[in-house]
Amino acid sequence: RQMCIRDSINAEYGDTKRSPGGYSQVTGRAWRPDELRLKSWDDLHALWYVLLKERNMLLTEREQARKAKKRMAKPDRLRKVRLSMARLKGVVNERSVVHKRLRQYRDEHLPPTAAEAAAAAAAAEAETKGEDTQENADEKQ
């Protein structure tokens, strides 16, 4: 059975629900790049917003602790979230570079698809009509 993103996040970050004594002992670890590379684009997108929400919650918690002149509970959680976000950005950037290189290779080495050829022909025809119209306007003057 494939794990959904929410189950995966819970498995990674452990139980972060508040208990009467604060946070439970288990807080999990940061996502590893090899784990992130296995995720789909939609999963990475969803995970980014989960991490963003978690980061904002932790920053709020840190600020509240600072105002109360107390220490934040498990401050390493913020580092783990930031590290996960940085790794996620790295994985998305890797995909972007590969996609760009594939597109570049396709444009240089492969013939255009039928749709691309039709679009190019239509653009050339429109350009030719535009030149004909301009020439006719020049001749009338």
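Residues numbered from 1 in each chain as written. Predicted model: local features only at pLDDT ≥ 70, side-chain atom pairs only at ≥ 80, totals over all residues. Heavy atoms only, no water.

*Asks:* What's the story with the overall build of the chain in this structure? I'm lost.
*Replies:* Looking only at helices and strands, one finds five helices and zero strands in the chain. Helices (α) and strands (β) of the chain occur, in sequence order from the N terminus, as α-α-α-α-α. Across the 141 residues of the chain, 21% fall into the buried class. A separation threshold of at least 6 residues defines the contact pool for the chain, and within that pool the share at least 24 residues apart is 57%. In the form shown here, the chain has an accessible surface area of approximately 10,800 Å², with 54% of it arising from carbon and sulfur atoms. (Helix = DSSP H or I, 4+ residues; strand = E, 2+ residues; numbered from the N terminus. Buried < 20%, exposed > 50% of the residue type's maximum accessible area, 1.4 Å probe, protein only. Contact = heavy atoms within 4.5 Å. Areas by Shrake-Rupley, 256 points an atom, 1.4 Å probe, with all protein chains shown as cover.)

*Asks:* For this particular structure, what's the right way to read the nonpolar core?
*Replies:* One recurring pattern in soluble globular proteins is that nonpolar side chains are buried together. Of all hydrophobic cores here, the largest spans 13 residues; its most connected members are Leu36, Leu44, Leu47, Leu51, Leu58, Val81 and Leu88. Counting only elements with at least two residues in this core, the list comes to α3 (41-67) and α4 (76-109). (Core = buried A, V, L, I, M, F, W, Y, C linked by side-chain atoms within 4.5 Å.)

*Asks:* How do you make sense of unusual backbone geometry when you look at a structure like this?
*Replies:* Glycine aside, a negative phi is what most residues show, and trans is what most peptide bonds show. Of note, the phi angle at lysine 69 is positive, near 55°, even though the residue is not glycine. Its location among the elements puts lysine 69 in the loop between α3 and α4. Within the chain, lysine 74 stands out as a residue other than glycine whose phi angle is a positive 50°. Considering the arrangement of structural elements, one finds lysine 74 in the loop between α3 and α4. Residue lysine 74 is classed as partly exposed on the basis of its relative accessible area of 26%.

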